[in-house]
Amino acid sequence: MKASVIAHKDFVVSKVDDRVYGAFLEHLGRAVYTGIYEPDHPTADANGMRGDVAKLVKDLNIPVVRYPGGNFVSAYNWEDGIGPREERPVRLDLAWHTSESNAVGIHEFADWCQTVGTEMMLAVNLGSRGVDDARNFLEYVNHPGGSYWSDLRIKNGRKEPWNVRMWCLGNEMDGPWQVGHKDADEYGKLAANTARAMRMFDSKLELIVCGSSHSDMPSFPDWERIVLEHTYEHVDFISLHMYFRNPEQHTGNYLGLSEKLDRYIETVASTIRQVKHKKRSKRDVYISFDEWNVWYHSSQKDRQILDGNSGWPHAPGLLEDIYNFEDVLMVGLILNTFIRRADVVKIACIAQLVNVIAPIMTEKGGPAWAQTIYYPYYFASLHGRGTALNLVVNSPSYESAHDSETPYVDVAGVHDAEANTLSFFLVNRHPTESIETGLSLQGFGTGTIIDHQVMTHPDLRAVNTATNQDEVKPRRGDGASIADGQLTVSLPPYSYQMIRVQL
Ligand code: AHR
């Protein structure tokens, strides 16, 4: 089989916002406790943060981490996590039917972000709380001093404000599972009022209003229209979430889900345009895809705790999906979609980062390791920065449940003008056929291949574990070549590849 791609220097989508390689960390399961924080761990630093986890996170060069939830935030009192640890209350977390010790709060999270070199993106509680909570939290976090909340922050050991610029106005408020769930009108009004109050403090904040939890929600896409009609002039982003599942073990349909993702983005982009024109607005609102990942492997196992049959455990194993090789392909496809929609998707957060549906796993007191999906995320984050190219792709296709013409070859390309490089991320969805792919590089001059990474595995269900951490990992590719402005590469069946060209 053959496929062809044309990449032209002048055919571009938009600059890729670095923040599409963001991540999400919630007080959920073992994400925080025995994930990033484990004071007794042999690698723990002075703040009790695991050094082995911090290293794996740092290597990903993550620009932003969203915190503290998720469903958790909708009944979270942020003040529970400040002040002397021994005085912090233990609370019941209604979202996940667990207990929260509050040993980690905003100070500890902020210090950790500094350690791993990332920026904070904070969510305010618009479920059980509202405007008052949001303005107080903002004052605590961003005001230099001389007011009640900022002076309390100083008393608690942090003199300088953190100056967090990205703020989420609640989480998944369209979902009946959310504490304080609202309909679109109720939420839209609350979000607009909260945004107005927050902007009275600082007009330059970047505010993110809740869109749909997924595109199968009965309220989608009216939710986006109604919420934006209330908030358009006051927010910068609308947040979307989507989790990818393959319970039927149908690889063709599973890998076709990125076509559904693309339509989801397109529908919301057109809703944003509709509301913009209706309001005769001059400002733009973009998409923050601040929760995405594969999530289904652990769902069965979690029922016991989520149904409340285990009491209120503290930091139990929850949502601990063990990812396989098939998920590498899915994650590669998702990231490719975000690159191609760089014109409208400006923030995206893999959900989540450690232990909970995460690229990084840990054992309490034991090792930390990279799950299979760590690698496509790593390659995109490190090398998918620059300008997204508007590629012309000609590929044989198949019929999936999500698109009658799902192309076997999925590709995204990024031109980094500063480093003078081209990076291509390619997935072959074909189960049995290699696809000889020619990429015509037009307007770029000559180039040489400087990096070529390939992920294949004979078993789609192969996983990495604590004792076999390297079962699924990239290997250096060979056989790709450039001649006469044509990059030629063979894509093995069910494979992920990254190729970088120095111009
Ligand atoms: O990431 C897990 C959960 O998925 C989040 O808490 C929630 O926002 C979503 O439903």
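Right, let's walk through the structure included here.

What counts and how
Residues numbered from 1 in each chain as written. Predicted model: local features only at pLDDT ≥ 70, side-chain atom pairs only at ≥ 80, totals over all residues. Heavy atoms only, no water. Helix = DSSP H or I, 4+ residues; strand = E, 2+ residues; numbered from the N terminus. Rg over C-alpha atoms; globule rule 2.2 N^0.38 Å. Areas by Shrake-Rupley, 256 points an atom, 1.4 Å probe, with all protein chains shown as cover. Lys, Arg positive; Asp, Glu negative; His and termini not counted. Charge placed at Lys NZ, Arg CZ, Asp CG, Glu CD. Core = buried A, V, L, I, M, F, W, Y, C linked by side-chain atoms within 4.5 Å. Buried < 20%, exposed > 50% of the residue type's maximum accessible area, 1.4 Å probe, protein only. Contact = heavy atoms within 4.5 Å. Salt bridge = Lys/Arg side-chain N within 4 Å of Asp/Glu carboxyl O. Pairing = 2+ DSSP bridges. Axes fitted to C-alpha atoms, helices over the stretch in contact; angles between N-to-C directions. Phe/Tyr/Trp six-rings, centres within 6.5 Å; stacked < 30°, edge-to-face > 60°. Near = heavy atom within 4 Å. Polar contact = N/O pair within 3.5 Å; in protein donor to acceptor, adjacent residues only side chain to side chain. Nonpolar A, V, L, I, M, F, W, Y, C, P; charged D, E, K, R; others polar. Patch = residues over 30% accessible without salt bridge, like charges linked within 9 Å, V, L, I, M, F, W, Y side chains within 5 Å.

Glancing now at the overall build of the protein. Regarding its fold elements, the protein presents 11 helices and 26 strands. Against the compact-globule benchmark of 23 Å for 503 residues, the protein has a radius of gyration of 23 Å, which places it among compact chains. For the C-alpha atoms alone, the extent of the protein along its principal axes is close to 65 × 60 × 40 Å. For the protein, the exposed area adds up to about 18800 Å²; of that, 48% sits on carbon and sulfur atoms. Taking the average location of the 48 positive side-chain charges in the protein and that of its 65 negative ones, the two points are 5 Å from each other.

The biggest cluster of nonpolar side chains holds 167 residues, and the ones touching the most others in it are Trp 167, Leu 169, Phe 289 and Leu 353. Of the residues forming this core, the biggest block, 10 residues, is contributed by helix α10 (residues 325-340). When residues no more than four places from it in sequence are discounted, the contact partners of Trp 167 are Leu 122, Val 124, Phe 137, Leu 138, Val 141, Asn 142, Met 198, Leu 205, Glu 206, Leu 207 and Ile 208.

What follows concerns the pattern of salt bridges. Across all of its chains, the model carries 34 salt bridges by this definition. When the shortest N-O distance is used, the salt bridge between Arg 30 and Glu 320 registers 2.8 Å. With Arg 30 in the loop between β3 (22-24) and α1 (51-59) and Glu 320 in the loop between α9 (299-306) and α10, this residue pair connects regions lying 290 residues apart in the sequence. We note that Arg 30, like Glu 320, is buried. The salt bridge involving Glu 38 is made with Arg 50; its shortest N-O contact spans 2.8 Å. Of this pair, Glu 38 sits in the loop between β3 and α1 while Arg 50 sits in the loop between β3 and α1, and the two are 12 residues apart along the sequence. Assessed through its relative accessible area of 0%, Arg 50 is described here as buried. Bridged by salt links that share partners, the residues Asp 17, Arg 19, Glu 119, Arg 165 and Glu 206 form one connected network.

Turning our eyes to something else, we now look at the sheet that holds strand β19 (residues 409-416). Read across the open sheet, the 7 strands follow the order β2-β15-β19-β20-β26-β22-β23; overall the sheet is antiparallel. On the outer flanks of this sheet lie β2 (12-15) and β23 (475-476), each paired with one strand and no other. As paired elements, strand β22 (residues 448-455) and β23 share 2 bridges and run antiparallel to each other. The residue of β23 that forms the bridge with Gln 453 is Arg 476. Here α10 sits on the sheet in contact with β2, β15 (387-389), β19, β20 (421-428), β22 and β26 (495-502), set at roughly 50 degrees to β19.

With that settled, consider the packing of aromatic side chains. One pair of aromatic rings is described through two measures. These are the centre distance and the angle between the planes. What the rule picks out here adds up to 21 aromatic pairs. Pairing Tyr 254 with Tyr 296 gives two aromatic rings, centres 6.3 Å apart and planes at 70 degrees, and the pair type is edge-to-face. Here Tyr 254 is found in helix α7 (residues 251-255), whereas its partner Tyr 296 is found in the loop between β11 (286-294) and α9, with 42 residues between them in sequence. When sorted by exposure, Tyr 254 lands in the same class as Tyr 296, which is buried. Here the aromatic rings of Tyr 264 and Phe 289 are separated by 5.8 Å at their centres, their planes lie at 90 degrees, and the arrangement is edge-to-face. You can see Tyr 264 sitting in helix α8 (residues 257-278) and its partner Phe 289 sitting in strand β11, a full 25 residues away along the chain. Tyr 264 gets classed as buried once you look at its relative accessible area, which sits at 1%.

What follows covers the sheet that holds β3. Strand order in the closed barrel formed by 8 strands is β3-β4-β7-β8-β9-β10-β11-β12, with parallel pairing between adjacent strands. Here the average twist between neighbouring strands, direction ignored, is 30 degrees. Pairing of β11 with strand β12 (residues 345-351), which is carried by 4 bridges, proceeds in the parallel orientation. Residue pairing for β12: Ile 287 is matched across the bridge by Val 345.

Okay, the site of the ligand next. Taken together, 13 residues form the shell around the ligand, and within it Glu 26, Asn 71, Glu 172, Tyr 243 and Glu 291 come nearest. Separating an oxygen atom of the ligand from a side-chain N or O atom of Glu 172 is a distance of 2.7 Å. Here Tyr 243 contributes a side-chain N or O atom positioned 2.7 Å from an oxygen atom of the ligand. Notes on the ligand: free accessible area 280 Å², of which the protein chains cover 96%. Residues belonging to the shell around the ligand are distributed by class as follows: 6 nonpolar, 4 polar and 3 charged.

This paragraph deals with a nonpolar patch on the surface. A surface patch of nonpolar side chains, amounting to about 300 Å² of accessible area, comprises Leu 92, Leu 94 and Trp 312. When you line up the elements, Leu 92 lands in strand β5 (residues 91-93).

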